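Below, each chain spelled out in residue letters.
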Amino acid sequence: MQKANSDQQGVLYVVATPIGNLGDITQRAIAILSSVDKVCAEDTRNTRKLLTHLGLKKNLVALHDHNERQKIETIAEWLAVGENLALVSDAGTPLISDPGYHLVKALREMDYHIVPIPGASAIITALSVAGLATDKFSFEGFLPAKEAGRKQALQLNSESAYTQVYYESSHRIVHSVATMLDVFGTEKKVVLARELTKLYEQFFHGTLAELHQWLLEDTMHQKGEFVIMLAATEKKDTESDRFESSTEQLLSILVEELPVKQAAKIAAKLTGKAKNTLYKQAMTLQKNQK
Ligand code: SAM
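Source: prediction; values computed, not measured. (Residues numbered from 1 in each chain as written. Predicted model: local features only at pLDDT ≥ 70, side-chain atom pairs only at ≥ 80, totals over all residues. Heavy atoms only, no water.)

1. With respect to the pattern of salt bridges
Here comes step 1: Evaluated as defined, the whole model comprises seven salt bridges.
Here comes step 2: Arg-150 serves as the salt-bridge partner of Glu-147, at 3.1 Å between the closest nitrogen and oxygen. Here the residue Glu-147 and the residue Arg-150 both occupy positions in helix α6 (residues 147-156), the gap between them amounting to three residues, near one helical turn.
Here comes step 3: For Glu-147, a relative accessible area of 38% corresponds to the partly exposed category.
Here comes step 4: Under the relative-accessibility criterion, Arg-150 is labelled buried at 3%.
Here comes step 5: Residues joined in a network through salt bridges with shared partners are Glu-195, Lys-198 and Glu-225. (Salt bridge = Lys/Arg side-chain N within 4 Å of Asp/Glu carboxyl O. Helix = DSSP H or I, 4+ residues; strand = E, 2+ residues; numbered from the N terminus. Buried < 20%, exposed > 50% of the residue type's maximum accessible area, 1.4 Å probe, protein only.)

2. Focus: the domain arrangement of the protein
Here comes step 1: When the domains of the protein are assigned, the result is domain 1 (11-120), domain 2 (123-230) and domain 3 (239-289).
Here comes step 2: A C-alpha centroid distance of 29 Å is found between domain 1 and domain 2.
Here comes step 3: Of the residues lining the interface, six residues belong to domain 1; the matching set on domain 2 comes to 10 residues.
Here comes step 4: Counting each side, the surface lost to burial between domain 1 and domain 2 is near 530 Å², with a carbon and sulfur contribution of 61%.
Here comes step 5: Summed over the three residues of domain 1 that lose the most area to domain 2, namely Ile-19, Ile-96 and Ser-97, the buried surface amounts to 71% of that side.
Here comes step 6: Seen at the junction of domain 1 and domain 2, the total is zero salt bridges.
Here comes step 7: Inspection of the region where domain 1 meets domain 2 yields one residue pair in polar contact (both at pLDDT 80 or more). (Domains from an automatic or database assignment. Contact = heavy atoms within 4.5 Å. Buried area = accessible area lost by both parts, 1.4 Å probe. Polar contact = N/O pair within 3.5 Å; in protein donor to acceptor, adjacent residues only side chain to side chain.)

3. As for the packing of aromatic side chains
Here comes step 1: One pass over the structure, following the stated rule, counts three aromatic pairs.
Here comes step 2: Between Phe-204 and Trp-214, the ring centres sit 5.1 Å apart and the planes meet at 35°, which makes this aromatic pair tilted. Taken together, the positions of Phe-204 in strand β9 (residues 202-207) and Trp-214 in helix α8 (residues 208-217) put the pair 10 residues apart, joining distant regions of the chain.
Here comes step 3: With relative accessibility at 12%, the residue Phe-204 sits in the buried group.
Here comes step 4: Chaining the aromatic ring pairs together yields one cluster made of Phe-139, Phe-142 and Tyr-167. (Phe/Tyr/Trp six-rings, centres within 6.5 Å; stacked < 30°, edge-to-face > 60°.)

4. With respect to unusual backbone geometry
Here comes step 1: The phi dihedral of Ser-97 falls on the positive side, at around 50°, and the residue is not glycine.
Here comes step 2: Within the secondary structure, Ser-97 is located in the loop between β4 (85-88) and α4 (101-109).

5. Quick notes on the site of the ligand
Here comes step 1: Within the structure, the ligand sits among 18 residues, and Asp-98, Ser-121, Ala-122, Tyr-167 and Phe-226 are positioned closest to it.
Here comes step 2: At a separation of 2.7 Å, an oxygen atom of the ligand approaches a polar side-chain atom of Ser-121.
Here comes step 3: The backbone of Glu-168 places a nitrogen or oxygen atom 3.0 Å from an oxygen atom of the ligand.
Here comes step 4: Contact with the protein chains removes 93% of the 570 Å² of surface that the ligand exposes when unbound.
Here comes step 5: When residues of the shell around the ligand are traced back to their parent elements, those giving at least two are β7 (163-169) and β10 (225-230).
Here comes step 6: Sort the elements by how many residues they give to the shell around the ligand and β10 lands first, with three residues.
Here comes step 7: Of the residues that constitute the shell around the ligand, the class distribution is nine nonpolar, four polar and five charged.
Here comes step 8: Inspection of the shell around the ligand shows a minimum of three residues originating in each of domain 1 (11-120) and domain 2 (123-230). (Near = heavy atom within 4 Å. Areas by Shrake-Rupley, 256 points an atom, 1.4 Å probe, with all protein chains shown as cover. Nonpolar A, V, L, I, M, F, W, Y, C, P; charged D, E, K, R; others polar.)

6. Quick word on the packing of helix α10 (residues 260-271) against helix α11 (residues 275-289)
Here comes step 1: In contact at an axis separation of 8 Å, α10 and α11 are set at 130° when each is read in the N-to-C sense. With respect to each other, α10 and α11 are oriented oblique. In the packing of α10 onto α11, the handedness of the crossing is right-handed. Contacts between α10 and α11 involve Val-260, Lys-261, Ala-264, Lys-265, Ala-267, Ala-268 and Thr-271 on the former and, on the latter, Lys-275, Leu-278, Tyr-279, Ala-282, Met-283 and Gln-286. (Axes fitted to C-alpha atoms, helices over the stretch in contact; angles between N-to-C directions. Parallel < 35°, antiparallel > 145°, perpendicular 65-115°, else oblique. Left-handed = near helix turned anticlockwise from the far one by under 90°.)

7. Some points on the nonpolar core
Nonpolar side chains tend to gather and get buried jointly when the protein is soluble and globular.
Here comes step 1: With 20 residues, the main nonpolar core has Ile-173, Met-180, Leu-192, Leu-208, Leu-211, Leu-215 and Ile-228 as its most contacted residues.
Here comes step 2: Mapped onto this core, the elements with two or more residues apiece are α7 (173-184), β8 (189-194), α8 and β10.
Here comes step 3: Looking at which element gives the most residues to this core, the answer is α7, with seven residues.
Here comes step 4: Excluding residues within four positions of it along the chain, Leu-215 makes contact with Ile-173, Val-174, Val-177, Leu-192, His-221 and Gln-222.
Here comes step 5: In terms of nonpolar packing, the next biggest core, distinct from the first, is built from 19 residues, Val-15, Val-36, Ala-41 and Val-115 among them. (Core = buried A, V, L, I, M, F, W, Y, C linked by side-chain atoms within 4.5 Å.)

As structure tokens, then:
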């Protein structure tokens, strides 16, 4: 159960902010930011600009990767005495490749009342227009900075049946796409979203080889913030899949004509598979055929 009293005191609001276009701030986000006692922000200068744009003057507290764990106790104390707090990051949804995880985890374990105020996030914004499968996707965040680590991370996903989503910055976009090319091959389908919701918003779709070429042909294409989305690997029938299905076909013909035991014995001789396994399989097939 969450610690919450009726007049909603001692609440941490995790507030999403725009990823570029300030018009994407939600009405709830504005209402919460104007009502809370303090705003915990990844970079107080950035958040001050947003608050000034909204006409708000608030008490700001820095909460970033380097001080997050040390701040947990203080924040818990503020909540305990009934203060309402907002957590924001520089852009988008806090905790999504941004600070906040350690704080939220600790406060949830202490049963504090934590309320999400949803809004923009680059991953969902990009996926919503990519035209890649969205029934299953994996969010991979940022790749390691060094080539070896990056390659290793990508190799783990080389057979992924999910659409893969990566975040990338202008400094590393060319390197990351080059490593992807190396691991996934030239023909892998990719969609790149650049500068989402901003003036120079742009999308590229094609193969990894084409994307690499496109990035190199104009340095402007390398500027800004990126979401890289790789299409899922299509499952090819492996030799063992094919063997399994031909064994099943054989067994189903045999059980139509022969007793199960004899069908399994003949199938075992023909395929070299264990008689017991085939017997069980033949029993199931026979039941299904009835
Ligand atoms: N919390 C953010 C979210 O909810 O998407 C992500 C923060 S992470 C530090 C910053 C990365 O998100 C960028 O390097 C880029 O990969 C992606 N990103 C953020 N804003 C973006 C935008 N407007 N266009 C494209 N990618 C963006």
